[in-house]
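Summary of the model geometry
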Amino acid sequence: MSGEANPFESLQEQVDDAAAYLDADAGVIERLKNPERVLETNLTFERDDGSLETVRAYRSQFNGDRGPYKGGIRYHPGVTRDEVKALSGWMVYKCAVVDVPYGGGKGGIVIDPTDYSESELERLTRSFAKELRPMIGEDIDIPAPDVNTGQREMNWIKDTYETLENTTAPGVITGKALDSGGSEGRVEATGRSTALAARETFDWLDDSIEGKTVAVQGYGNAGSVAAALIEDLGGRVVAVSDSSGGVHDPDGIDARDAKAHKQTTGTVSGYGSTEPLTNEELLTLDVDLLVPAALENAIDADLAPDVRADVIVEAANGPLTPDADAVLTDRGVRVVPDIFANAGGVTVSYFEWVQNRQRFHWTETRVNEELERVITEAFDGIVDAHESYDTPNLRTAAYVVAIERVVDAYEQAGNWP
Ligand code: NAD
């Protein structure tokens, strides 16, 4: 990972690129490039040995013109204010491009969660939930899981919020466990949208995902589910990786078995009869489809000329720097943007919230069918914009669709004197 590009500057550049196709007021576009507010706070919590530790945390509420702020909470040592701002902006455009009635937010705590016990993480998470309480709520701001957080952390945040508010409000957070008000299909939703995005893209190119070779960088929630579902659609996964490195087998890797290996050993390394390879080798492997599913800036302008995939479907948020994007566009590589390709997570979060508000539980079949409808309709909308505005790539087209929707909502609300 290059780490060179500032993700917030990348976001602003992406908005500018798309705004050039729209006749929107410059002041409105400036608004769409900056968060409405950012909470920066310090969380003090007790370690198991009785000592106190203080860590930095953020929550950015980027834009609420289309509905409550929505976005995950990440636990990672690389979390910064700018990263959280960027991620919260991407959420605005992600919700808009799939037409989910939410704005965008994002949060993070600057820790390596592997340094802490479960009880320490619970105290820390509850401390964050206490700080967040005045600014979140079922109709205000609805957090969700992100890197290194999951159902466990979401259940703690829900319980802390409900206890302090003396109410039941399962819709205050999504990505919960099923018995705590979670939705069927939520855990798989991000990877499912990535797989559907890949299928739709090859269909659009008058081709098929069947038989296509696939490399997946990052084998967590998003990457491992995408790999398994792409395999179900007929793709052949030949390389996968995580932060410890990657594995390669030209004859194909059983995506679910590799995940089971990672669950047992903590890494994909050493899986089956695969050969080891570095993350850089994986990203430049001669495959039909590359799925970056780790973190931001995985592919920069130095690496982009060496990428050999024909199609890149972004499961991670911001895996390409804008410079890399430009190189790949020039080279004719089809890049399917993150704000669409990983939008399954927020879409099923929205379904979870709808179920919570209705106090009604949908079947997994219903969730997956509704998700497939949202993703295929959104893809058609992006392709329409790509063709009618003659945008250089699908990313700019996706931003054009999304920004138009946010600008419309802002203008329809009107201005206060
Ligand atoms: P996760 O923690 O479950 O998995 C991340 C994976 O990436 C792990 O396997 C980790 O080992 C690997 N990784 C980390 N650094 C790496 C590196 N330098 N090279 C290769 N692999 C590396 O996280 P996740 O939920 O799967 O999220 C991954 C990406 O998808 C993030 O960008 C996240 O924002 C995005 N995303 C996730 C969701 C969701 O619902 N989980 C939704 C939308 C977007």
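Being a predicted model, the structure only gives us computed values, none of them experimental.

**Observations regarding the overall build of the chain**
When you go through the chain residue by residue, the secondary structure sums to 14 helices and 12 strands. Scaling as 2.2 N^0.38, a compact globule of 417 residues should have a C-alpha radius of gyration of about 22 Å, and the chain matches this with 20 Å. The C-alpha extent of the chain, read off along each of the three principal axes, is 55 × 55 × 45 Å. Residues classed as buried in the chain amount to 58% of the 417 residues present. In the chain, of all internal contacts separated by at least 6 residues, the share reaching a separation of at least 24 is 69%.

**What about the side chain of Arg66?**
Counting through the fold element by element, Arg66 comes out in the loop between β2 (52-63) and β3 (69-75). Overall, Arg66 belongs to the buried group, its relative accessible area being 17%. At 2.6 Å, the side chain of Arg66 forms a polar contact with the side chain of Asp99. Setting aside residues no more than four positions away along its own chain, Arg66 makes contact with Cys95, Ala96, Asp99, Val100, Pro101, Tyr102, Gly103, Arg405, Val406 and Ala409.

**Some points on the environment of Ala228**
The residue Ala228 is located in helix α7 (residues 221-232) in this model. On the basis of relative accessible area, Ala228 is assigned to the buried category, the value being 8%. Sequence separation of Ala228 and Tyr21 is 207 residues, and the distance between their C-alpha atoms is 37 Å. Look past the residues within four positions of Ala228 in its chain and what remains in contact with it is Ala255 and Arg256.

**Description of a negative patch on the surface**
Among the surface-exposed residues, Glu9, Glu13, Asp17 and Asp323 lie close enough to one another that they form a single negatively charged patch. Among the elements that take part in the negative patch, helix α1 (residues 7-19) stands out by supplying three residues, more than any other. When you line up the elements, Glu9 lands in helix α1.

**A short note on the pairing of strand β4 (residues 104-109)**
Most of β4 is tucked away: six of the six residues are buried. Both faces of β4 are covered, namely the face carrying Gly104, Lys106 and Gly108 and the face carrying Gly105, Gly107 and Ile109. Pairing geometry for β2 and β4, over six bridges, is antiparallel. For Ala57, the partnering residue across the bridge sits in β4 and is Ile109. Here β3 runs beside β4; their pairing, made up of three bridges, is parallel. Of the residues in β4, the one forming a bridge with Tyr75 is Ile109.

**Here we look at the site of the ligand**
Around the ligand sit 24 residues in total, of which Arg74, Thr190, Asn221, Ala222 and Asn317 are the nearest. One of the side-chain N or O atoms of Arg186 is found 3.4 Å from an oxygen atom in the ligand. Protein coverage of the free-state accessible area of the ligand, which is 820 Å², stands at 85%. Only α6 (186-204), α7 and β7 (236-242) provide two or more residues apiece to the shell around the ligand. Looking at the shell around the ligand residue by residue, the class counts come to eight nonpolar, 11 polar and five charged. Residue-level mapping places the shell around the ligand at the junction of two domains, with at least three residues from each of domain 1 (34-173) and domain 2 (189-341).

**Considering the domain arrangement of the chain**
Much of the literature gives interface size as the accessible area that the parts lose upon coming together. Looking at the chain, the domain boundaries give domain 1 (34-173) and domain 2 (189-341). Each of domain 1 and domain 2 has a C-alpha centre, and these two points are 28 Å apart. In this complex, domain 1 contributes 12 residues to the contact, which on the side of domain 2 involves seven residues. Among the residues domain 1 hides against domain 2, the three largest losses belong to Trp90, Lys94 and Val97. Together they make up 50% of the total. Taken together, the connections running from domain 1 to domain 2 amount to one salt bridge. Note that Glu296 is salt-bridged to Arg74, the shortest N-O span being 2.9 Å. Between domain 1 and domain 2 we count two residue pairs in polar contact (both at pLDDT 80 or more) in total. Tallying contributions element by element places helix α3 (residues 81-97) first for the side of domain 1 that touches domain 2, with six residues. Of the residues in the side of domain 1 that touches domain 2, the class split is six nonpolar, one polar and five charged.

**With respect to the pairing of strand β6 (residues 213-217)**
Among the five residues of β6, five are classified as buried, and the element is accordingly described as predominantly covered. Burial of the side chains of β6 extends over both faces: Thr213, Ala215 and Gln217 are buried on one face and Val214 and Val216 on the other. Strand direction decides the pairing type here: β6 and β7, joined by five bridges, are parallel. Of the residues in β7, the one forming a bridge with Gln217 is Ser241. Relative to strand β10 (residues 289-292), β6 is paired through four bridges, and the arrangement is parallel. Following the sheet pairing, Val214 is matched in β10 by Leu289.

**Considering the packing of α1 against α3**
Put simply, α1 and α3 touch, their axes get as near as 7 Å, and they point 30 degrees apart. With respect to α3, the element α1 is oriented roughly parallel. Facing α1, whose interface residues are Pro7, Phe8, Ser10, Leu11, Gln14 and Val15, α3 presents Asp82, Glu83, Lys85, Ala86, Gly89, Trp90 and Tyr93. Split by residue class, the contact of α1 with α3 holds seven nonpolar, three polar and three charged.

Reading the values: rules and limits
- Residues numbered from 1 in each chain as written.
- Predicted model: local features only at pLDDT ≥ 70, side-chain atom pairs only at ≥ 80, totals over all residues.
- Heavy atoms only, no water.
- Helix = DSSP H or I, 4+ residues; strand = E, 2+ residues; numbered from the N terminus.
- Rg over C-alpha atoms; globule rule 2.2 N^0.38 Å.
- Buried < 20%, exposed > 50% of the residue type's maximum accessible area, 1.4 Å probe, protein only.
- Contact = heavy atoms within 4.5 Å.
- Polar contact = N/O pair within 3.5 Å; in protein donor to acceptor, adjacent residues only side chain to side chain.
- Patch = residues over 30% accessible without salt bridge, like charges linked within 9 Å, V, L, I, M, F, W, Y side chains within 5 Å.
- Areas by Shrake-Rupley, 256 points an atom, 1.4 Å probe, with all protein chains shown as cover.
- Salt bridge = Lys/Arg side-chain N within 4 Å of Asp/Glu carboxyl O.
- Lys, Arg positive; Asp, Glu negative; His and termini not counted.
- Charge placed at Lys NZ, Arg CZ, Asp CG, Glu CD.
- Pairing = 2+ DSSP bridges.
- Near = heavy atom within 4 Å.
- Nonpolar A, V, L, I, M, F, W, Y, C, P; charged D, E, K, R; others polar.
- Domains from an automatic or database assignment.
- Buried area = accessible area lost by both parts, 1.4 Å probe.
- Axes fitted to C-alpha atoms, helices over the stretch in contact; angles between N-to-C directions.
- Parallel < 35°, antiparallel > 145°, perpendicular 65-115°, else oblique.

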